[in-house]
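# An overview of the molecular structure
Each chain, written out:
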Amino acid sequence: MTYTDSGVAHQTGASRLPILDLHDVRKRFGGTVALNGVTLSVAPGEVHGLIGENGAGKSTLIKVLCGIVKPDSGAISLAGEAYEPHTPRDAKARGLQVVHQEFNLLPFLSVAENIFIEHLPRNLFGVVKRNDMNARARGALDAIGLKDIDVRWPVERLGIAHRQLVEVARALMTESRVLILDEPTATLTSRETDRLFAIINDLRSRGVSVIFVSHHLDEIFRICDRVTVLRNGETVFSRRIGETSHDELVRGMVGQQLQKEMASEAISSAGQDITLSLVNFRHAQSPHADGISLDLHKGEILGIAGLVGSGRTELLRAIFAAEQPLSGTLLRDGKPATFRSPREAIQAGIGFVTEDRKEEGLILTMPIAANVTLASLSSISRVGLLDRKMENTMTQQFGADLKLKYGGPSRHAATLSGGNQQKVVLAKWLARNPQVLLLDEPTRGVDVGAKAEIYALIRRLAEKGLALLVVSSELPELMTLCDRIMVMSQHRIVGEVPRAGFSEEKILTYAYQGERRQTGH
Amino acid sequence: MSGMSMKLMLRDAGIGIALLLLIVFFSLSTEHFLTPNNISNILTQITINLILAIGMTFVILIGGIDLSVGSMLAFCAVVAGTVLTIPDLSVFQAVCLATLAAIGTGVVCGFLNGWISAFWGLPSFIVTLGMLNIARGAALQVTDARTIYSFPPSFNAFGSQMVVGVPVVFLIALVLVAVAWFVLSKTVFGRLLYGIGNNEEAVRLAGHSLMFYKVAAFTIAGALVGIAAMVYMARLNIASPIIGIGFELNAIAAVIIGGTSLNGGRGTVVGTLLGACIIGVLANGLILFGLSDFMRQMITGVVIILAVIIDKYRERITAS
C-alpha cells in the first residue's frame, strides 16, 4: 500500500471541525449562473455523497475545488485555512485530489507509467527506474484488487472499467485529505463497484474524506455517511444518510414529483410481426460459431442486459454495420438483408443511439440544428442546397416534441446538458422516422428529470409501432422499460426473461453464470 | 443569421481589420504602396497562392493537409505546356485543351491523394508527402528536366490583362472564392465537410460515406492546382518542372492566417482570401518599406504564429 498512514488518520474523531468547508460559493459564466450559492461541509473521514441533475452545478463545483475554475464569490476553507487553488497542482499540494469522469490516461504508455506520470522514479542520471516503478505500480494495483492486470501493458489494452480503476490507483499514489470521485461507477460493473467501495471504506477508516458524485442513489445509500443535493447551482439540503430517503433525494434533485413517470406501469405494445430477426449473427470479436439469434417484434421494447464486455455494444454495432458483421443472417421484415455500411442500415429503417454521445452521437462543436438534421439532410435540401428555414423548423418541431431545453437552433450542441444532448441524438434519428431503433445506454450521464422524459418517449415510440432494442447497464432501467430482457455473457445470449418474471437476482444470476462458465475451464 | 455563421463572420471581420491596419500602415509609411500600379501588382502576386489556398481550405476543413500542391503545380504546368505547344492547333483549341489537361492532371493527383488516404486510413500528411515527390519526379521525367516556353502571345497577354486596374487572373480567383464560399456554406456537401472535420465518426454513423467527401475535398484541391498552373503559365510564359517549390507552405499559411483550424471543422474561405491578402500585402509593403527579402520572410513567419495565438484567445473569449 502506497498511501501511507499520515497525520490525517489521527484526526478522525479528534475534532468535529470540517476538513472542507464551502460557504455560499457562486460562479457565473457569461449569462449562465453555474453556482448560485453552494454551501457544503465535509467532516474528516466522511464519505459525502454529492447528487443533482446534470446542470445542477456538480461539475463546476468540482472544477472550483480542484483549481480549474475560480469562483466569483464565497469562502472555501480546507483544514481550517482559506483555500484558493489556482491550478490542480495547488489543489494536490493542499491534499485535494479528483478522479475525473473523463479519462486522463495516456493510451500508449504502460499502466505503470500512467500511474507515475507526475513523479516518475528516476536515478541520478534522470533515467526512469523501470523495475522500481513497475514494482510500486504492482503494489498499487494489488492494493485495489486489480491483480489480473500487468502493469507493463499499454493502457489502450484495458477496458473502460479497468481504466477507471487505474485512475483511482493513480489518485491513491499521493496522500490526500480529500478525494473527489466524479461518477466513478458509471463505467463499472457491480463486481468492480464492490471493489471500489472496499477501497472507499479503507480510505474512510484512514481518515480520508471522500466526496462521491453519482447518479445512482442505491450507491449513495450504500457507501455515504452524508449526502448533499444540488439543484440549479444551489445547495438544496445536506442530510445524514440515515435521516433521508430515496424519494426525498429525488424530490430534492428534480424539485417536483417527476418520479411518478418513472414508476408508471408499462403496458406492452409488442405486436406479432417480427421487424428484425437475427440468426446465428456474428461479428469479428464474437468467439462463438453459433453467434446471436433473436427476434424483435413491432412495437416491442427488448432489453439486453449483461456485464460490461459481454458483447452488447458490439452486437448493436454489427446490426447497424458500424462494424462489419462476420456471418449469420439478418432479416428485416422477414427479408434477408446485408448492410455494408451504416448508410445501408439507415436506409433499411434502422437508427442507432450510440453509447458514447460525445464521440459518436453528436458534433458538439456544430449547431443543434445541424445535429438534428445530420441523418436526414436530403429532407431539408433541394438539389444539394440547404434550406435553413426548413432546417430550423424541423429543429424547433423536434425541440418542442422532446421538451428540449436549448438556447436556439444555432447554438452549439456542446452548450446543452447531458439529457438535452441525448434528446438531440434521439431527434436526429426520429427525423428519419425509423422502424427499428437501437439504443445503447440511452440515459448514461442523463439527469433524473430528462431520464423520465426519455423513458416516456421510448414508450410512446413503441406504442406507435417502433421496435426498440435497448442495451443498458442499469437493471432498473431495463426492468422499467422493457417487455422482455435477454441476458448476454461472453458474446452469447445466456438467458431470456419475460416481463412477468423480471427480477434483478434472476438477471444477474444469468449474467454471472455465463461468465463463470467461461472462466471456469 | 445563425449563431455559427455570425461567429464566423466576426472572426473574418477581425482578420479584415488586421488587413486594413496593414494597408493603412504601409500607405502612410511608404510612398508607392497605395498607387494603382502597385495595387494591381500585389493582386497579381497573390493570385496563384490564393487559388491554391482555396483548395487547401477544403482539405484542411476535413482535418487533412495537402503538401503536394507545389509539385502538382509543376506537373500540371508541364503537361499543359506540352499540350499548348502542339503545332497545328489554333490558339483557342490549344488553350482549351491545355486547360483541360492541367485540370485533369490536378484532378487525378488530387483524387489519388484522397483515395489512398481514405481507403487505407493513412494520414494525408504522409500520402501527400509521397505525392509531393511523385509529382515533382513526374514533371521532371515528362520534360526531361527542360523548361517549356514560347506559348501563343495572346495567351501570355491574357495573363497580364487588366479590367479597371484589376488583373483578370485575380478576378478569376475571386470568382473561385465566391463559388467555394457558396459550396461550403450553402450546400449539403459543405455542411458534411464541416461535419467530418468536427466529428467524422458521428457523420459516418449518420449514414454518410466518409470516403466520398474526403476524396472530393482532395480532388477539388487538385482541380484548383490545375487552374493555378494555367494562371502561372499565362503570367510567366513558361512551364518548368522546377516551379512551385514551397508553394504548399504559402497556401497553408494563408489558410491558417485566415482563421481556419488545422484540426479541421472550423474556418471559411473568406478568411482564406483575407489571409492570402495579408501575406501579399506584407510581402510587398515590407519591401517598399526597405526591408530585405530575408527580413520579409522572417516577419511572415512571425505573423503565422501570431495569427494562431490570436485565434486561440478569440476562441477562449467566444467560448465563455
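### Regarding the overall build of chain A
- Across its full length, chain A carries 19 helices and 22 strands.
- For 521 residues, the compact-globule formula gives about 24 Å, and the C-alpha radius of gyration of chain A, at 24 Å, lands near that figure.
- Across its three principal axes, chain A shows a C-alpha extent of roughly 70 × 55 × 50 Å.
- Per-residue burial for chain A yields a buried fraction of 48% across its 521 residues.
- Taking all contacts inside chain A whose residues are at least 6 apart in sequence as the whole, residues at least 24 apart take part in 70%.

### Focus: the overall build of chain B
- A count of helices and strands for chain B gives 13 helices and 4 strands.
- Against the globule reference of 20 Å for 320 residues, chain B gives a C-alpha radius of gyration of 20 Å, in line with a compact fold.
- Once the C-alpha set of chain B is aligned to its principal axes, its extents read approximately 65 × 55 × 35 Å.
- For chain B, the proportion of its 320 residues judged to be buried stands at 50%.
- Taking all contacts inside chain B whose residues are at least 6 apart in sequence as the whole, residues at least 24 apart take part in 79%.

### Comments concerning the interface of chain A and chain B
- Every contact between the two is made by 29 residues of chain A and, on the other side, 22 residues of chain B.
- Split by residue class, the side of chain A that touches chain B holds 15 nonpolar, 8 polar and 6 charged.

### Focus on helix 2 (residues 36-61) of chain B
Residues and elements named next belong to chain B.
- Along its 26 residues, helix 2 runs 35 Å from first to last C-alpha, staying within 8% of the 38 Å computed at 1.5 Å per residue.
- The largest bend along helix 2 reaches roughly 40° and is located at T47.
- Extensive coverage of helix 2 is indicated by the burial of 19 of its 26 residues.
- The first or second residue beyond helix 2 is G63, which carries a positive phi of 85°.

### Some words on the pairing of strand 11 (residues 274-283) of chain A
All names here are of chain A.
- Across 5 bridges, strand 11 lies against strand 12 (residues 292-297) in antiparallel orientation. Of the residues in strand 12, the one forming a bridge with I274 is H297.
- When strand 11 meets strand 14 (residues 325-332), the two strands line up antiparallel, connected through 6 bridges. Opposite S277, over in strand 14, you have L331 as the bridge partner.

### Some points on the packing of helix 8 (residues 188-198) of chain B against helix 10 (residues 210-236) of chain B
All names here are of chain B.
- Interhelical geometry of helix 8 versus helix 10 gives an angle of 100° and a closest axis separation of 10 Å. As summarised for this structure, helix 8 and helix 10 are arranged roughly perpendicular, according to the angle between their axes. In contact with L192, L193 and I196 of helix 8, helix 10 contributes L210, Y213 and A217.

### Points about the packing of helix 3 (residues 69-84) of chain B against helix 10 of chain B
Residue and element names in this part refer to chain B.
- The contact between helix 3 and helix 10 brings their axes to 8 Å, and the two run at 60°. Taken together, the axes of helix 3 and helix 10 are oblique relative to one another. For the pair helix 3 and helix 10, the crossing hand works out as right-handed. Along the contact surface, helix 3 presents V69, M72, L73, C76, A77, A80 and G81, while helix 10 presents A221, G222, V225, G226, A228, A229, M230, Y232 and M233.

### A look at the nonpolar core
- Counting 180 residues, the largest nonpolar core has L468(A), L73(B) and A80(B) as its most contacted members.
- For this core, the element with the highest residue contribution is helix 10 of chain B, accounting for 17 residues.
- No fewer than three residues from each of domain 2 (263-349 + 434-520) and domain 3 (364-433) of chain A sit in this core.
- Every residue in contact with L73(B), bar those within four places of it in the chain, is listed here: V225(B), A228(B), A229(B), Y232(B), I243(B), G244(B) and F247(B).
- Ranked by size, the runner-up nonpolar core spans 67 residues in total, among them V25(A), A34(A), A137(A) and L196(A).

### A closer look at the domain arrangement of chain A
- With domains assigned, chain A is organised as domain 1 (17-257), domain 2 (263-349 + 434-520) and domain 3 (364-433).
- Between the C-alpha centres of domain 1 of chain A and domain 3 of chain A there is a distance of 34 Å.

### Thoughts on the sheet that holds strand 19 (residues 436-440) of chain A
Residue and element names in this part refer to chain A.
- If you walk across this open sheet you meet the 6 strands as 16-19-20-13-21-22, and the pairing is mixed. Among the strands making up the open sheet, the edge pair consists of strand 16 (350-353) and strand 22 (492-498). Taken pair by pair, the neighbouring strands of this sheet meet at an average axis angle of 20°, ignoring direction.
- Strand direction decides the pairing type here: strand 21 (residues 484-489) and strand 22, joined by 6 bridges, are antiparallel. Within the sheet, the bridge partner assigned to M486 lies in strand 22 and is E496.

### Some words on the environment of V178(A)
Residue and element names in this part refer to chain A.
- Within the secondary structure layout, V178 lies in strand 7 (residues 178-182).
- On a C-alpha basis, the gap between V178 and A91 in space is 9.9 Å, while along the polypeptide they are 87 residues apart.
- Once residues lying within four places of it in the same chain are set aside, the contact partners of V178 are I19, L20, V42, G95, L96, S209 and I211.

### Concerning the confidence of the model for chain A
Residues and elements named next belong to chain A.
- Here chain A shows a mean pLDDT of 86. Residues at 70 or above account for 91%.
- Low pLDDT (under 50) marks residues 1-15, which in the prediction has 21 contacts with non-local residues, meaning those over four places away or in another chain.
- The model gives residues 517-521 a pLDDT under 50, and that stretch makes 1 contact with residues more than four places away or in other chains.

### Digging into the sheet that holds strand 6 (residues 96-99) of chain A
Residues and elements named next belong to chain A.
- Read from one edge of the open sheet, 6 strands run 6-7-8-3-9-10, paired in mixed fashion. Of all the strands in the sheet, the pair left with one neighbour each is strand 6 and strand 10 (234-240). Strand-to-strand twist in this sheet, taken as the mean axis angle between neighbours without regard to direction, amounts to 20°.
- As defined by bridge partners, strand 6 adjoins strand 7 across 4 bridges and the pair is classed as parallel. Residue pairing across strands places V99 opposite L181, the latter belonging to strand 7.
- Contacting strand 3 (47-51), strand 6, strand 7, strand 8 (209-213) and strand 9 (226-231), helix 2 (residues 58-65) crosses the sheet at an angle of about 150° to strand 7.
- Lying over the sheet, helix 9 (residues 246-254) contacts strand 3, strand 9 and strand 10, oriented at roughly 30° with respect to strand 9.

### So, unusual backbone geometry
Residue and element names in this part refer to chain A.
- Positioned with a positive phi, K403 is a non-glycine residue whose angle comes to about 55°.
- Its location among the elements puts K403 in the loop between helix 15 (388-401) and helix 16 (418-430).
- We note that H491 has phi near 65°; this positive angle belongs to a residue other than glycine.
- Considering the arrangement of structural elements, one finds H491 in the loop between strand 21 and strand 22.

About the cut-offs
- Residues numbered from 1 in each chain as written.
- Chains lettered and ligands numbered in written order.
- Predicted model: local features only at pLDDT ≥ 70, side-chain atom pairs only at ≥ 80, totals over all residues.
- Helix = DSSP H or I, 4+ residues; strand = E, 2+ residues; numbered from the N terminus.
- Rg over C-alpha atoms; globule rule 2.2 N^0.38 Å.
- Buried ≥ 20, exposed ≤ 12 C-beta atoms within 10 Å, placed from the backbone.
- Contact = placed C-beta atoms within 7 Å.
- Nonpolar A, V, L, I, M, F, W, Y, C, P; charged D, E, K, R; others polar.
- Expected span 1.5 Å × (residues − 1).
- Bend = angle between axes of the 7 residues up to and from the residue.
- Pairing = 2+ DSSP bridges.
- Axes fitted to C-alpha atoms, helices over the stretch in contact; angles between N-to-C directions.
- Parallel < 35°, antiparallel > 145°, perpendicular 65-115°, else oblique.
- Left-handed = near helix turned anticlockwise from the far one by under 90°.
- Core = buried A, V, L, I, M, F, W, Y, C linked by C-beta atoms within 7 Å.
- Domains from an automatic or database assignment.
- pLDDT = per-residue confidence, 0-100.

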